[in-house]
Amino acid sequence: MAELLHAGGSGLHAWLLVTSALFSLGIYGLLTRRNAVGILLSLELCLNAAAVQFAVFNALRAPGRVDGAVMALFVVAVAAAEVVVGMALFVLLYSQRRTVDVTELTGDGRDSAGGPP
Amino acid sequence: MSAETLRSALFWVFATLSLSLAWSVVGNRRLLRAAVALMGVLGCSAAFYALLGFGFLAGIQILVYVGGIVVLLVFLVMLTRTQALLEDEPTPWRHKVGVVAAVGFFVVNLWALASLPDAAVQGPVLGGDTRAIGRALLDAGPQGYVLPFEAVSVLLLAALVGGIAVARKVDVAALPPAEANHG
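Residues numbered from 1 in each chain as written. Chains lettered and ligands numbered in written order. Predicted model: local features only at pLDDT ≥ 70, side-chain atom pairs only at ≥ 80, totals over all residues.

Caption draft 1: Representation of the overall build of chain B in the model. A count of helical and extended segments in chain B gives 7 helices and 0 strands. Written out in order from the N terminus, the α and β elements of chain B read α-α-α-α-α-α-α. Classification of the 183 residues of chain B by burial places 27% in the buried group. Counting only contacts in chain B whose residues sit at least 6 apart along the sequence, the fraction spanning at least 24 positions is 55%. (Helix = DSSP H or I, 4+ residues; strand = E, 2+ residues; numbered from the N terminus. Buried ≥ 20, exposed ≤ 12 C-beta atoms within 10 Å, placed from the backbone. Contact = placed C-beta atoms within 7 Å.)

Encoded structure:
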């Protein structure tokens, strides 16, 4: 076991394997979720995997610099802004249509909102 | 057990935990549980940052991501709760498209990254990176990040104002009839 841990190690390839798998799971969620909030959750997964990958490249390919870490910080800030805007949009959507199911968001929504035809 | 072995062991523990929780994020039919699982994934990522030697990033990850963004997402799940609490299983077509896209990305990504020479993490766990990150963020020179730093602050302000403006209650009945028709 210790041999395997040493050989397999936590080298660059192992890190990239894990972050790529996290990003792929996020893509799967993006394409299969029907609830808009679930899509936002999957998007967070993708963003987080990308941020970790920035930090991995920083630590393993350019030790002594912090550019990847700074990029990861920016990703966190952009994710915060994205969630705020997404939350506002989905709350508005829910108050008008009573659903956040993206497969039902066709047409202009006047029928479901009870407005004039 | 040497420090390197310990670091590898911790890495694989957190990697396994992170991937299984991520599977729960995309697959769980209850969205609130998916949000809690996302909290776990982000916590594992904070552990990754610590293992890579970025102690400051690990702290920020916990403070902003786990403590702020996921809480917003939990509020969002609760605010948009529909009658059908459970999300349906994806249709076979959507499932197939999702699997093809995810596996395709994974394979292409690994193929592109496999040519990189392997390397190992050097330096201590939870290293002191705060001073270096702070200097890089406020450096106005050619290697500095002061412009994107200020742009992010403008972006956050715009998101704040935009979020309030979009989610503000609009009284449809108070609008003139023509506008109500269009809105």
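Caption draft 2: Just the overall build of chain A, in detail. The secondary structure content of chain A amounts to 5 helices and 0 strands. Helices and strands in chain A line up, N terminus first, as α-α-α-α-α. By residue count, 50% of the 117 residues in chain A fall in the buried class. Considering only residue pairs separated by 6 or more positions, chain A has 41% of its internal contacts joining residues 24 or more positions apart.

Caption draft 3: Quick peek at the packing of helix 4 (residues 67–97) of chain A against helix 3 (residues 55–79) of chain B. The interhelical angle for the contact between helix 4 of chain A and helix 3 of chain B, taken along N-to-C directions, is 10 degrees, at an axis separation of 10 Å. When the axis of helix 4 of chain A is compared with that of helix 3 of chain B, the two are roughly parallel. Contact residues: helix 4 of chain A offers A:A69, A:A72, A:L73, A:V76, A:A79, A:A80, A:V83, A:M87, A:F90, A:V91 and A:Y94, while helix 3 of chain B offers B:L57, B:I60, B:Q61, B:V64, B:Y65, B:G68, B:I69, B:L72, B:L73, B:L76 and B:L79. (Axes fitted to C-alpha atoms, helices over the stretch in contact; angles between N-to-C directions. Parallel < 35°, antiparallel > 145°, perpendicular 65-115°, else oblique.)

Caption draft 4: Focus on the nonpolar core. Counting residues in each nonpolar core, the largest one holds 79 residues, and the members touching the most others are A:A55, B:V25, B:L38 and B:L57. Breaking this core down by element, the ones donating at least two residues are helix 2 (12–32), helix 3 (36–61) and helix 4 of chain A together with helix 1 (3–27), helix 2 (31–52), helix 3 and helix 5 (130–137) of chain B. (Core = buried A, V, L, I, M, F, W, Y, C linked by C-beta atoms within 7 Å.)

Caption draft 5: Structural view of unusual backbone geometry. The backbone of A:R98 shows a phi angle near 65 degrees, a positive value even though the residue is not glycine. Counting through the fold element by element, A:R98 comes out in the loop between helix 4 and helix 5 (110–113).

Caption draft 6: Up close: the confidence of the model for chain B. Residues and elements named next belong to chain B. A residue-level look at chain B finds 85% of positions with pLDDT of 70 or above and a mean pLDDT of 85. Within chain B, helix 7 (residues 177–182) has the poorest average pLDDT of any element, 53, and helix 2 the best, 93. Prediction confidence for the complex, expressed as pTM and ipTM, is 0.85 and 0.85 respectively. (pLDDT = per-residue confidence, 0-100.)

Caption draft 7: Quick peek at helix 2 of chain A. Here helix 2 of chain A spans 30 Å end to end across 21 residues, near enough to the 30 Å set by a 1.5 Å rise per residue. Counting buried residues along helix 2 of chain A, 18 of its 21 residues qualify, which places the element largely inside the surrounding structure. (Expected span 1.5 Å × (residues − 1).)

Caption draft 8: Molecular detail of the interface of chain B and chain A. The partner chain A presents 64 residues to the 78 residues of chain B that form the contact. With 13 residues, the top contributor of residues to the side of chain B that touches chain A is helix 4 (residues 92–113) of chain B. Here the residues of the side of chain B that touches chain A sort into 55 nonpolar, 17 polar and 6 charged. (Nonpolar A, V, L, I, M, F, W, Y, C, P; charged D, E, K, R; others polar.)

Caption draft 9: Highlighting the environment of B:L138. Locating B:L138 in the fold gives a position in the loop between helix 5 and helix 6 (146–167). A sequence separation of 107 residues divides B:L138 from B:L31, and the C-alpha atoms of the two residues are 39 Å apart.

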